[in-house]
Amino acid sequence: MRGFARFLTRDASSADDLVQDTIVKALAAQEQFQLGTSLKAWLFTIQRNTFYEQRRRLRREKEILDDIGQEPEVSADTSANDTVRDQVLDLSGLLWQLPDIFREALILVGAQELSYEEAAQICGVAVGTMKARVSRARLRLAELANPGAETVTA
């Protein structure tokens, strides 16, 4: 859950808060969990919905602050000199260039190792749609990583 939260929030502290909020909500709604279904998919759905709810709330707060002439606080990112870390940051940067639905699909299926069915359930789409999103995300990521290279479409 923390890995998915890190990709959603792009901040370790915010990711930890999101995981905590998700667990609190899951415990409060545990009677809604249906036995025989995927607990992981259920938790990821709660986490995803919580993230988007918080994002909408933050956006609204920023609008209100802008209306009254105040600037919201922005957290500063730290940079690393390690080559491996730089490569991970490069990949992270490429991932954030993907449209939200493609990035989300790739993270759920690739990084979180969910099945297409579980990822589709979390996002509320058909399995075929999820497969198409993952495929398009991989193609787009390859294009972004190698801007001059030709990509082969199947």
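Please refer to the structure placed before this passage.
Treat the numbers as computed from the prediction; the structure is a model and nothing was measured.

So, how was this worked out
Residues numbered from 1 in each chain as written. Predicted model: local features only at pLDDT ≥ 70, side-chain atom pairs only at ≥ 80, totals over all residues. Heavy atoms only, no water. Axes fitted to C-alpha atoms, helices over the stretch in contact; angles between N-to-C directions. Helix = DSSP H or I, 4+ residues; strand = E, 2+ residues; numbered from the N terminus. Parallel < 35°, antiparallel > 145°, perpendicular 65-115°, else oblique. Left-handed = near helix turned anticlockwise from the far one by under 90°. Contact = heavy atoms within 4.5 Å. Phe/Tyr/Trp six-rings, centres within 6.5 Å; stacked < 30°, edge-to-face > 60°. Buried < 20%, exposed > 50% of the residue type's maximum accessible area, 1.4 Å probe, protein only. Expected span 1.5 Å × (residues − 1). Core = buried A, V, L, I, M, F, W, Y, C linked by side-chain atoms within 4.5 Å. Domains from an automatic or database assignment.

Q: Can you explain the packing of helix α5 (residues 100-111) against helix α6 (residues 116-123)? Please cite residues and give values.
A: Contact pair α5 / α6: the axes reach a minimum separation of 9 Å and the direction vectors enclose 140°. As summarised for this structure, α5 and α6 are arranged oblique, according to the angle between their axes. Between α5 and α6 lies a crossing of right-handed hand. Here Glu104, Leu108 and Val109 of α5 lie close against α6, whose contacting residues are Tyr116, Ala119, Ile122 and Cys123.

Q: If you had to explain the packing of aromatic side chains to someone new, which residues and values would you point to?
A: For the structure on display, the rule yields 3 aromatic pairs. Arranged with centres 5.4 Å apart and planes meeting at 10°, the rings of phenylalanine 4 and phenylalanine 44 form a pair that is stacked. Note that phenylalanine 4 is positioned in helix α1 (residues 2-9) and phenylalanine 44 in helix α3 (residues 39-67), a separation of 40 residues in sequence. In this structure phenylalanine 44 comes out as buried when scored by relative accessible area, which is 2%. With 5.2 Å between their ring centres and 65° between their planes, phenylalanine 51 and tyrosine 52 make a pair best called edge-to-face. Accessibility expressed as a relative area gives 10% for phenylalanine 51, which makes it buried.

Q: Pulling in residues and values, what's your account of α5?
A: With 12 residues, α5 extends 15 Å from end C-alpha to end C-alpha; this agrees with the ideal 16 Å at 1.5 Å per step. If you check which residues of α5 are buried, you get Phe102, Arg103, Glu104, Ala105, Leu106, Ile107, Leu108 and Val109. Glutamate 113 occupies a position one or two residues after α5 and carries a positive phi of about 55°.

Q: Explain the nonpolar core to me, using residue names and the numbers behind them.
A: For soluble globular proteins, the rule of thumb is that nonpolar side chains tend to be buried together. One finds Leu98, Leu106, Leu108 and Met130 to be the most contacted residues of the largest nonpolar core, which totals 28 residues. Among the elements of the structure, α1, α2 (12-28), α3, α4 (83-95), α5, α6 and α7 (127-145) are those that each provide at least two residues to this core. No fewer than three residues from each of domain 1 (1-82) and domain 2 (83-148) sit in this core. When near neighbours in sequence (up to four residues on either side) are disregarded, leucine 98 contacts Arg103, Leu106, Ala137, Arg140, Leu141 and Leu144. In this structure, Ala26, Ala29, Leu43 and Ile46 belong to the second largest nonpolar core, which totals 5 residues.

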